[in-house]
Protein chains: 2
Amino acid sequence: MAEQKATNITWHNGAITKADRERLLKQKGVVIWFTGLSGSGKSTLANTLEEKLFEAGHISYVLDGDNIRHGLNKNLGFSPQDREENIRRIGEVSKLFADAGIFAMTAFISPYRADRDIARALLKEGEFIEVYAKVPLDVAEQRDPKGLYKKARAGEIKELTGIDAPYEEPLNPELVIDTSEKNLEESVQIILSYLKEKEIIR
Amino acid sequence: MAEQKATNITWHNGAITKADRERLLKQKGVVIWFTGLSGSGKSTLANTLEEKLFEAGHISYVLDGDNIRHGLNKNLGFSPQDREENIRRIGEVSKLFADAGIFAMTAFISPYRADRDIARALLKEGEFIEVYAKVPLDVAEQRDPKGLYKKARAGEIKELTGIDAPYEEPLNPELVIDTSEKNLEESVQIILSYLKEKEIIR
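On a predicted model such as this, the values are computed, not experimentally measured, just so you know. (Residues numbered from 1 in each chain as written. Chains lettered and ligands numbered in written order. Predicted model: local features only at pLDDT ≥ 70, side-chain atom pairs only at ≥ 80, totals over all residues.)

Trainee: Describe the pairing of strand β1 (residues 31-35) of chain A, with residues and values.
Mentor: Residue and element names in this part refer to chain A. Taking burial as the measure, the 5 residues of β1 include 5 buried ones, the bulk of the element. Burial along β1 is two-sided: the residues Val31, Trp33 and Thr35 and Ile32 and Phe34 are all buried. Summarising the sheet, β1 and strand β3 (residues 103-107) pair through 4 bridges and their orientation is parallel. Each residue of the ladder has a partner; that of Ile32, found in β3, is Met105. Strand direction decides the pairing type here: β1 and strand β4 (residues 128-134), joined by 5 bridges, are parallel. Note on β4: the bridge partner recorded for Trp33 is Glu130. (Buried ≥ 20, exposed ≤ 12 C-beta atoms within 10 Å, placed from the backbone. Helix = DSSP H or I, 4+ residues; strand = E, 2+ residues; numbered from the N terminus. Pairing = 2+ DSSP bridges.)

And the structure:
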């Protein structure tokens, strides 16, 4: 087994590897990158998936606005450069979590294909799972969990993705989940089935 | 138990908490912040501690130059502002790892007291363990694992901590380990004993 070989080699350097940690945790360290409009269900999917994985003894960590925008990325605004740097840092931190053997889930709109592809390029083949939470704009706007669409329509905020800023759909995401057609349970089951099929979880 | 109470409250919000992850991993998520001169033994201590913890079934992650300077912080140089931002980001990422229930170990010179105290302030009481790898400059210079002292003495690099840039000793670190007096085994044992005493590991 390639995995065990790597373990033996590095063991003598006194350093624990990703493969070692994966063996201990009985899971593969991967990035599950949720992308989609505000109100598409990214955070709900990530948090519910985390809960299901936890019940099965797996360890994940959700990176989202709550723990990133107020901490690591608090010195970034919403200019194009800052948005790019925001996603770049999230990609790099996700990679560290995956290297630690943890499921790193990210729940950000991440509207630009190029930025998501930069994050993907940090990981090995199969370690970056892009989940497109697809939903018609009118459904997202009706949900409006953060009241952003209302504010954008009233002209109180600018450059909201879907209203006056573009969302670039993924061309080849690992998974597409239309949360206006599937309920939460079904949606999460699609991801769990994928993780099992790819032997990322037991 | 306060821990379990928090778990129950948040469970129904569909979010897994730090306490949940700590329960699953059977350890506390803390930051072990190694500081000291180049050649003081920070990385060796961190990697050996990680190995010992791994043998006991614990999961840690070492943040060091290899995985930070070439990734998350690759857009930072060595100006005073960039050095400060470097340590700030490392502090924020450590906090995320601790929140994930992992032992986050950092192995950077981190010469400024103010920067280390900013990292400390991100964590709760008892979650930030500052380990000062103390060693006389002449011993560090003799070890010179990265050849930095030689280059500094030859005038090839500037502002090396200990030579022409200051190192501010911690005033109240949780642990001080003089790696010129204690061998690696003894040094790591001091940290392990501390973690057991504080019930961070079993």
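Trainee: Hey, could you go over the relation of the copies chain A and chain B for me, with residue numbers and the actual values?
Mentor: Relating the two copies of this chain is a rotation about some axis coupled with a shift parallel to it. Screw-axis analysis of chain A against chain B gives a translation of 0.0 Å along the axis, an RMSD of 0.0 Å, and a rotation angle of 180°. On the angle and the small slide along the axis, the relation comes out as a two-fold axis. A share of 100% of interface residues in chain A that are also interface residues in chain B marks the association as one of identical surfaces. (Least-squares fit on C-alpha atoms with pLDDT ≥ 70 in both. Contact = placed C-beta atoms within 7 Å.)

Trainee: Can you tell me about the environment of B:Ser187, naming the residues and giving the values?
Mentor: Residues and elements named next belong to chain B. With respect to the helices, strands and loops of the structure, Ser187 is situated in helix α9 (residues 184-197). Residue Ser187 is classed as buried on the basis of its 22 C-beta neighbours within 10 Å. Between the alpha carbons of Ser187 and Leu72 there is a distance of 30 Å; along the sequence they are 115 residues apart. In this structure Ser187 touches Leu45, Ile177, Thr179 and Lys182, once residues within four positions along its chain are discounted.

Trainee: Can you break down the packing of helix α5 (residues 80-99) of chain A against helix α4 (residues 65-72) of chain B residue by residue, with the values?
Mentor: Running from N to C, α5(A) and α4(B) cross one another at 155°; their axes reach a closest spacing of 10 Å. One finds that α5(A) runs roughly antiparallel with respect to α4(B). Of the two possible hands of crossing, α5(A) and α4(B) adopt the one that is right-handed. Counting all contacts with α5(A), which are made through A:Arg89, A:Glu92, A:Val93, A:Lys95 and A:Leu96, the residues of α4(B) involved are B:Asn67, B:Gly71 and B:Leu72. For the contact of α5(A) with α4(B), the class distribution of residues is 3 nonpolar, 2 polar and 3 charged. (Axes fitted to C-alpha atoms, helices over the stretch in contact; angles between N-to-C directions. Parallel < 35°, antiparallel > 145°, perpendicular 65-115°, else oblique. Left-handed = near helix turned anticlockwise from the far one by under 90°. Nonpolar A, V, L, I, M, F, W, Y, C, P; charged D, E, K, R; others polar.)

Trainee: Describe the nonpolar core, listing the residues and the values that go with them.
Mentor: Residues A:Met105 and B:Met105 are the most contacted members of the largest nonpolar core, which totals 87 residues. When residues no more than four places from it in sequence are discounted, the contact partners of A:Met105 are A:Ile32, A:Phe34, A:Ala46, A:Leu49, A:Glu50, A:Ser60, A:Val62 and A:Leu63. (Core = buried A, V, L, I, M, F, W, Y, C linked by C-beta atoms within 7 Å.)

Trainee: If you had to explain helix α2 (residues 18-25) of chain A to someone new, which residues and values would you point to?
Mentor: For α2(A), the full list of buried residues reads A:Lys18, A:Asp20, A:Arg21 and A:Glu22. At the C-terminal side of α2(A), A:Lys26 shows a positive phi close to 55°.

Trainee: How would you explain the interface of chain A and chain B if you had to name every residue and give the values?
Mentor: Contacts between the two partners involve 26 residues from chain A and, on the opposite side, 26 residues from chain B. Elements supplying a minimum of two residues to the side of chain A that touches chain B: α2, α3 (42-55), α4 (65-72) and α5 of chain A. Within the side of chain A that touches chain B, the residues separate by chemical class into 12 nonpolar, 7 polar and 7 charged.

Trainee: So what about the sheet that holds strand β1 (residues 31-35) of chain B? Which residues, and what values?
Mentor: Residues and elements named next belong to chain B. Reading across the sheet, the 5 strands line up as β2-β3-β1-β4-β5 and stay open at both edges, with parallel pairing between neighbours. Both outer strands of the open sheet, β2 (60-63) and β5 (175-178), are each paired with one neighbouring strand and no more. For this sheet, the mean inter-axis angle between neighbouring strands, taken without regard to orientation, is 20°. Pairing of strand β4 (residues 128-134) with β5, which is carried by 4 bridges, proceeds in the parallel orientation. When the sheet's bridge partners are listed, Lys134 is paired in β5 with Asp178.

Trainee: Pulling in residues and values, what's your account of helix α6 (residues 113-122) of chain B?
Mentor: Residue and element names in this part refer to chain B. Looking at α6, one finds that the buried residues are Asp115, Arg116 and Ala119. When α6 is viewed along its axis, its buried side chains cluster within an angular range of 100° and face the same direction. Of the exposed residues in α6, the ones pointing more than 90 degrees away from its buried face are Ala114 and Ala121. Where α6 is buried, its residues touch β1, α5 (80-99) and β4. (Arc of directions from axis to C-beta.)

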